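Reading the structure
What follows is each chain in one-letter form.
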Amino acid sequence: MWSSDALRRIRDDRPERRAPRGRRRLASLALLASPVSIGALTLWANAGTPGLAAADLAPRPAVPTLAPPATPRRTVELTLTAAPARLSLQPGAATDVFAYNGQVPGPTLDLREGDSVIVHFRNRLPEPSTIHWHGIVLPFIADGSPFHPVPPGGQHDYVFTIRRGTAGTYWYHPHPDHRTSYQVSKGLYGAIVVRAADDPLPRSLPEKLLVLSDNRFLADGSLDLPDPHSPGGRLDAENGREGDVLFVSGAIRPTLTIRSGEVQRWRVINASAARVYRLALPGHVLLQIGSDGGLFERPVEREEIVLGVGERAELLVRGTGAPNTRAVLRALPYDRYIPQTRPVDWAEPRDLLTLQYTTEAPTTPVALPAVLRRVPALDTTLVTATRVMVLTQHLINGKGMDMGRVDVSTTLGATEIWEVENLVGMDHPFHLHGFQFQVLDRNGVPEPYRAWKDVVNVPRHETARFIVRYDGYPGKWMYHCHILDHEDHGMMGVLEVKPSVEH
Ligand SMILES: [Cu+2]
């Protein structure tokens, strides 16, 4: 199924094996990959962890075994081309979209801690774009923020290294000035999975990747993207654009299979422009094991999980149902709206996918670790500043985004608290680029467990506080509401992190 060429595209890049630069094979995923496409899904081989495929909503092809090198250090090099395409997102209809490498969602990047990543981005769109690597700690020039637009016909190489300790689930999407909601709605988003060599969970767990998104269509199958000045456009600007068609990794209500007794590892990404998912699997207690920046210290049992815009969750789904039964993963109603613009059907639960039990006799559940890893608490005694962010509709601290202004200035290595206060009657998910943070409390209630986060949803009239240490890279980093229409309308600011002074 997988050619050795396709596997070699992820190069073993240990220095002693390096060929002279000029002779080094430049492997492009776009050219060399022979991915197995099933509908809109693509399965990428994962040379380091045989048996685990990143995108896995369909029967998995055999993945060949390739012994990982003793000290893996790889360069993963690929090309992502954003271009118009005509795809069938819904049965029986063709839709003009924007796609990465011709698919929606774009290819899943299956990475390991320590990987050097080179992405050749080619913009074949009729407008400027970027690729933002949501949640990944990387240099400013690689962040794909509005500071570095790539013009139509242009290209940019994003070069970064995946840090140790950051294994988790991330995603990528465009982040151009004023056009993020439009481009994501047109189909530009994809998943990133980062794996750790010392992952504490059994490798035998079947893994599923669920990229949640929604969209809205006109009767002719085209995307419903109203003129910004029309009533529909103004409603999207207010609420953030939601759609009535829900997708899981590009599929509408797909079916996953599970054997009774089996434990599966699910990675869930909220890639929607504005929709919040309140996830529940009736008849099952979910075991959440991680969030935006990777694993928790210990698994946490949850009846439901609220996944704000841009957030991710890692879960263990325990197959406690009987053979040949089924369960439905649902998005329960979540009221994030002001009454004046609350959608009439907001209170309807929505089905996301069917979990079908096989007819096989129950299997014995695998033993799960009680401790996943250490998440050291950031030291509050080192805090040198508290940044107060007051959210109102489309504004932060009363200001709209100005690319020429620095809103917060600080120094690399400093530890600070951010207090994000939402004064209005609508939720705003707050996202910080460049650094992972730890939520301290929400409305004064201490966070029950520590996690690395890059988005915190701040419900209406509530306040969230987080602590962050700027231990990444200097640069000008965006912070913004992750309702993409709010971001596009200026609900964004600039954090300048200056290099620390050498003594
Ligand atoms: Cu917002």
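Not measured: the values here are computed from a predicted model.

What to know about the environment of Pro448
In this fold, Pro448 is placed in the loop between strand 29 (445-446) and strand 30 (455-458). It is 10.0 Å that separates the C-alpha atoms of Pro448 and Val300, two residues lying 148 residues apart in sequence.

Overview of the coordination of the copper ion
Donor atoms from the polypeptide that coordinate the copper ion comprise His428 (ND1), Cys481 (SG) and His486 (ND1), at 2.0 to 2.1 Å from the metal. Each donor residue of the copper ion lies on one chain, and together they are spaced H-x52-C-x4-H. Of this pair, His428 sits in strand 27 (residues 428-432) while Cys481 sits in strand 32 (residues 475-481), and the two are 53 residues apart along the sequence. Residue classification places His428 among the buried residues on the basis of a relative accessible area of 0%. On the basis of relative accessibility, which here comes to 2%, the residue Cys481 falls in the buried class.

Structural notes on the packing of aromatic side chains
Tallied over the entire structure, the rule returns 18 aromatic pairs. Centroid distance Phe121 to Tyr158: 6.2 Å. Interplanar angle 40°. Geometry classified as tilted. Remark: Tyr158 occurs in strand 9 (residues 155-161) and Phe121 occurs in strand 7 (residues 116-123); sequence separation between them is 37 residues. Ring centres of Phe435 and Tyr470 lie 5.2 Å apart, and the angle between their planes is 80°; this geometry places the pair in the edge-to-face category. Of this pair, Phe435 sits in the loop between strand 27 and strand 28 (437-442) while Tyr470 sits in the loop between strand 31 (463-469) and strand 32, and the two are 35 residues apart along the sequence. With respect to class, Phe435 is no different from Tyr470; both count as buried. The rings of Tyr100, Phe121, Trp133, Tyr158, Phe160 and Tyr172 are connected pair by pair, giving a single aromatic cluster. The ring of Tyr182 is capped by Arg179, whose NZ or CZ atom sits 3.9 Å from the centre of that ring.

What to know about the nonpolar core
One finds Trp418, Phe430, Leu432, Phe466, Tyr479 and Leu495 to be the most contacted residues of the largest nonpolar core, which totals 29 residues. If you list the elements that add at least two residues to this core, you get strand 23 (383-392), strand 26 (415-422), strand 27, strand 28, strand 30, strand 31, strand 32 and strand 33 (492-498). If we skip the residues at most four places from it in the chain, Leu432 touches Trp418, Phe437, Asp454, Phe466, Val468, Met478, Tyr479 and Leu495.

Definitions and cut-offs
- Residues numbered from 1 in each chain as written.
- Predicted model: local features only at pLDDT ≥ 70, side-chain atom pairs only at ≥ 80, totals over all residues.
- Heavy atoms only, no water.
- Helix = DSSP H or I, 4+ residues; strand = E, 2+ residues; numbered from the N terminus.
- Donors = N, O, S within 2.8 Å, 3.2 Å for Na, K, Ca; no water.
- Buried < 20%, exposed > 50% of the residue type's maximum accessible area, 1.4 Å probe, protein only.
- Phe/Tyr/Trp six-rings, centres within 6.5 Å; stacked < 30°, edge-to-face > 60°.
- Lys NZ or Arg CZ within 6 Å of the ring centre and 35° of its normal.
- Core = buried A, V, L, I, M, F, W, Y, C linked by side-chain atoms within 4.5 Å.
- Contact = heavy atoms within 4.5 Å.

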